[in-house]
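Examining the three-dimensional arrangement
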Amino acid sequence: MSSDVQTKRQAVRIRVRGVVQGVGFRPFVYREAARLGLSGWVLNGEQGVEIHLEGDASRIELFLSALETHPPAAARIAAVETERVRPCGYAGFEIRNSEKRDHPTVRISPDLAICAACLRELFDPRDRRYLYPYINCTDCGPRYSITLGLPYDRPQTTMGAWPLCDDCAREYHDPFDRRFHAQPVACPRCGPRYKLLIGGELVEREPIALAARLLREGRIVAVKGIGGYHLACDAMNAAAVWALRERKFRKEKPFALMVRDPDTARRLAELSDEAERLLSSVARPIVLCPARQTIEGVAPENRDLGIMLPYAPLHHLLFAADAPPVLVMTSANRSSEPIAYDDEDALARLAGVADAFLIGERPIARRVDDSIARDTVFGPQLLRRARGYAPCVVTTLPTSQPILALGADLKNSVALVVRGQVIVSQHIGDLDHFAARRAFEETIRDLCALYEVDERELVIAHDAHPQYVSTDYALHRASISVPVQHHRAHIASVLAEREAWEARVIGFAFDGTGYGDDGAIWGGEIFVGSLCDGLKRVAHLRSASLPGGDAAAHWPTQAAAGFLAAFDDARLSPLGDQLGRRFGLALSLARKNVRSFPTTSIGRLFDAVAAVLGFVREASFEAQAAMWLEYLARQSPPVQPYPFPFTDAELDHRPLLANVIADRQRGRPVQEIARAFHASIAQAVAEVSFTLAPRFDVDTVVLSGGVFQNSLLLEEIAARFDGRAELKIWCNRQVPPNDGGTSLGQAALAAFSRHTKKL
Ligand code: ZN
Ligand code: ZN
Ligand code: FE
């Protein structure tokens, strides 16, 4: 045999980037190398997994194709770099210890739902982890929520306090075992446990069975999960649900449900294929889907139910212990404070809320809420990005400059750019709450520490709003700060997700509230431009007066007063009386231009129409009136839009509102009026797009901002673009269209600003 000796013995160095640590990657490499008779080593480097392979060229090829076709289940490979090197003559294959050289840009895995193999063991009486609530393996279990530092090794997790027993140690060190280097590995002999605290008494015997019984009896139980505590009760027990609302000070905002299994979910709601996929994905988000039945007190005046499947072993154990099959599972907090994750804090804050506490001993390193997702006509959409998604790298930017983007004050998230990788934090909450402010600062410290970023080197991007807490934070750092206008950040978030750095687009930022270039309250803005050249505002909603300014967001009647101020009293009568005293007062303020501020917000236009159609009370949570209007519109078949003309770079709401008022006075069903209003907004998006696209020579339309959480509006828009292939529509896919996505957009615009080093 005289085949080419050159190709016989080869060596390659492979670097794999992405979510590749803490997901069973090294054992996978070890097993494949052993199977193929290749020698060399594998280790966790700071930028991913590094592999040195030596052997037959064709076998190295086989290895690379295995990497491509069946990597470990929980891994998310972003890039594989291969480089030919000189063979060193290794005899065998080994797993080497982690190296620490550089700034880490390795990606921490998000928390993962229990896998099928662990679930089987959990309910197998012969298994040594039978009914053990902390069962996990390299394919599943907590990651981000237990990580204290990098590299991701057991001493750097909250499991450091539990030394492995002999059996667990054997599994942990055996490359052929499913638990090889599974950092949170534990068993009933060596690991943490659960206990139940009820009426000041600690129950250690069968705490889960007892908790399930309390739930059956209609009690409220605080349950420690992966990223924090939940408050749970039987969703079908209306008294329990109302008690929870009362104790939690949560009047009307929908509660999330956890259901026993997919069949129960299908009975409660209509699940599209995409919704099913989201529901059972490893991230296990809460999925919003159209309800088949109303459940008293759970989601008042809302078409959708928010449903999730059990994701922690504990949840499966609760259902197996006969907990009610449909549980309310809401973040354990009061109102919109961040979720409680620390035991003492939970006990203190929830003392008057929960009847009992199911407490797990494993500490939670950081709070991570449940994520919220749904299927829309434009594909899946995230409304809250947290557990299961954070802290994934969502995209890259062409910069070597470390950037911290602080997001908006509502639905806050922050984004960190390290070596061009953009890490978006979990949902943090509304920064007007003290606890959220603390979480905001913790998260920043946390991300900077994990990725070893020197805070003094950072360029800090923040919202241009002068009164934002986040702005104040930015201005008190030594770093360079870059203010970014709120609605540009929304549009930029979509472009950044797609790494569309040069794409020129028309961007619709339809939103509640954001600080405009001119100090006005913006929220109906149309931009043309790109990330690299900037976004120019080319059109907007006709300005209206908003008595009370930002505070008017709580009172739809105030928004109505502002938008209707231009109509004379004869036209408004008798509507004014139905809208109540607050409307009358606000109307006179608006007309005298006292304590009134100019606004172009589509969110406030939704509020105004909701008020005219009967939503005259105070909104008890953000966007409630708009959601109510959508709910109403869903009850009507499609109808013709109202006139909503686009002239001189303005969308004129006056003819639209005149028609809404006239129809209301005439007694047209409010459902139809609401539907016609939705159609009008959609029609405007289509008309403006088809007018501006040829003028600016663009072929892509971007939709972002809180208003585009309205799935009916998205459907109405899609219908109007159907068959018009000359325009593409881009929506957010990885970060929310609401303010939770603005940190990404800020980071992207800052990366293209003059302050930032380019690559
Ligand atoms: Zn597992
Ligand atoms: Zn053990
Ligand atoms: Fe916004």
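You'll find the structure just up there.
What counts, and at which threshold
Residues numbered from 1 in each chain as written. Chains lettered and ligands numbered in written order. Predicted model: local features only at pLDDT ≥ 70, side-chain atom pairs only at ≥ 80, totals over all residues. Heavy atoms only, no water. Helix = DSSP H or I, 4+ residues; strand = E, 2+ residues; numbered from the N terminus. Rg over C-alpha atoms; globule rule 2.2 N^0.38 Å. Buried < 20%, exposed > 50% of the residue type's maximum accessible area, 1.4 Å probe, protein only. Areas by Shrake-Rupley, 256 points an atom, 1.4 Å probe, with all protein chains shown as cover. Lys, Arg positive; Asp, Glu negative; His and termini not counted. Charge placed at Lys NZ, Arg CZ, Asp CG, Glu CD. Donors = N, O, S within 2.8 Å, 3.2 Å for Na, K, Ca; no water. Contact = heavy atoms within 4.5 Å. Expected span 1.5 Å × (residues − 1). Polar contact = N/O pair within 3.5 Å; in protein donor to acceptor, adjacent residues only side chain to side chain. Tetrahedral: all angles 85-135°; square planar, octahedral: opposite > 155°, others 65-115°. Pairing = 2+ DSSP bridges.

Focus: the overall build of the chain
- Broken down by element type, the chain carries 24 helices and 31 strands.
- Expected size for 759 residues packed as a compact globule is a radius of gyration near 27 Å; at 27 Å, the chain falls within 12% of this value.
- Projected onto its principal axes, the C-alpha coordinates of the chain cover approximately 95 × 65 × 50 Å.
- Of all 759 residues assigned to the chain, the portion counted as buried reaches 61%.
- For the chain, the exposed surface amounts to about 28,900 Å²; the carbon and sulfur share of it is 49%.
- For the chain, the centre of its 90 positive side-chain charges and the centre of its 92 negative side-chain charges are spaced 1 Å apart.

Quick word on the coordination of the iron ion (ligand 3)
- Every protein donor of the iron ion (ligand 3) is accounted for by H486 (NE2), H490 (NE2), D511 (OD), D511 (OD) and D739 (OD), and the metal-donor separations fall at 1.9 to 2.7 Å.
- Each donor residue of the iron ion (ligand 3) lies on the same chain, and together they follow the pattern H-x3-H-x20-D-x227-D. Here H486, found in helix α14 (residues 486–497), pairs with D511, found in strand β23 (residues 505–515); they are 25 residues apart in sequence, far enough to count as distant.

A short note on the environment of L495
- Within the secondary structure, L495 is located in helix α14.
- Among the residues examined, L495 registers a relative accessible area of 0% and is labelled buried.
- In contact with L495, not counting residues within four places along its chain, are A500, V505, L531, V702 and W730.

Side note on α14
- A rise of 1.5 Å per residue sets the reference length of α14, with its 12 residues, at 16 Å; its end C-alpha atoms lie 17 Å apart and thus fit the reference within 8%.
- In terms of burial, α14 is largely enclosed, as 12 of its 12 residues are buried.
- Among the residues of α14, those classed as buried are H486, H487, R488, A489, H490, I491, A492, S493, V494, L495, A496 and E497.
- For α14, the N-terminal cap is Q485; the gap from its side-chain oxygen to the backbone nitrogen of H487 is 3.0 Å.
- Downstream of α14 by one or two residues, E499 has phi in the positive range, about 50°.

A look at the coordination of the zinc ion (ligand 1)
- The protein atoms that coordinate the zinc ion (ligand 1) are C115 (SG), C118 (SG), C137 (SG) and C140 (SG), at distances of 2.3 Å.
- Given four donor atoms and angles of 104 to 119° at the metal, the environment of the zinc ion (ligand 1) is assigned as tetrahedral.
- In primary sequence terms, the donor set of the zinc ion (ligand 1) follows C-x2-C-x18-C-x2-C. With C118 in helix α4 (residues 116–122) and C140 in the loop between α4 and α5 (166–173), this pair connects stretches of sequence that are 22 residues apart.

Points about the pairing of strand β12 (residues 304–308)
- With respect to burial, β12 is a largely interior element, five of its five residues being buried.
- By the alternation rule, side chains of β12 split into D304, G306 and M308 and L305 and I307, which are all buried.
- In this sheet, β12 lies alongside strand β10 (residues 256–259) in parallel orientation, the contact comprising three bridges. Directly across from A256, in β12, lies its bridge partner G306.
- The pairing of strand β11 (residues 286–290) with β12 spans four bridges and is classified as antiparallel. The partner of L288 across the bridge, within β12, is G306.

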